[in-house]
Amino acid sequence: MFEIEYHRMRSAQLIREAAQHRLAREAARARRAARDESCEGAAAAESHIDRPRRHRQPRTA
């Protein structure tokens, strides 16, 4: 009897932990999507700058 109850408690604990990890992944994915969306507009604005890039010489040892 004790083993069955222990198994049920452990199963419920694993289900709760899986749900917490799933929520954390969804929140991270939403933050990443929001950040990428906001950076996308800034990158498009900076891409039209008519300044040539300087190619620097490699550092000497």
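Coordinates for the structure precede this section.
Residues numbered from 1 in each chain as written. Predicted model: local features only at pLDDT ≥ 70, side-chain atom pairs only at ≥ 80, totals over all residues. Heavy atoms only, no water.

Q: So what about the overall build of the protein chain? Which residues, and what values?
A: When helices and strands are tallied, the protein chain shows one helix and zero strands. Looking at the protein chain as a whole, 0% of its 61 residues are labelled buried. Carbon and sulfur atoms make up 55% of the accessible area of the protein chain, which amounts to about 6,600 Å² in all. (Helix = DSSP H or I, 4+ residues; strand = E, 2+ residues; numbered from the N terminus. Buried < 20%, exposed > 50% of the residue type's maximum accessible area, 1.4 Å probe, protein only. Areas by Shrake-Rupley, 256 points an atom, 1.4 Å probe, with all protein chains shown as cover.)

Q: Let's hear about a positive patch on the surface: which residues, and what values?
A: There is a patch of like positive charges on the surface, built from Arg 22, Arg 25, Arg 29, Arg 31, Arg 32 and Arg 35. Along the chain, Arg 31 turns up in helix α1 (residues 2-46). Take Arg 31: its relative accessible area is 56%, and that puts it in the exposed class. (Patch = residues over 30% accessible without salt bridge, like charges linked within 9 Å, V, L, I, M, F, W, Y side chains within 5 Å. Salt bridge = Lys/Arg side-chain N within 4 Å of Asp/Glu carboxyl O. Lys, Arg positive; Asp, Glu negative; His and termini not counted. Charge placed at Lys NZ, Arg CZ, Asp CG, Glu CD.)

Q: Would you mind going over a nonpolar patch on the surface in detail, with residue names and values included?
A: Taken together, the side chains of Phe 2, Tyr 6 and Met 9 make up a nonpolar region of the molecular surface, amounting to roughly 410 Å² of accessible area. Here Tyr 6 is to be found in helix α1.

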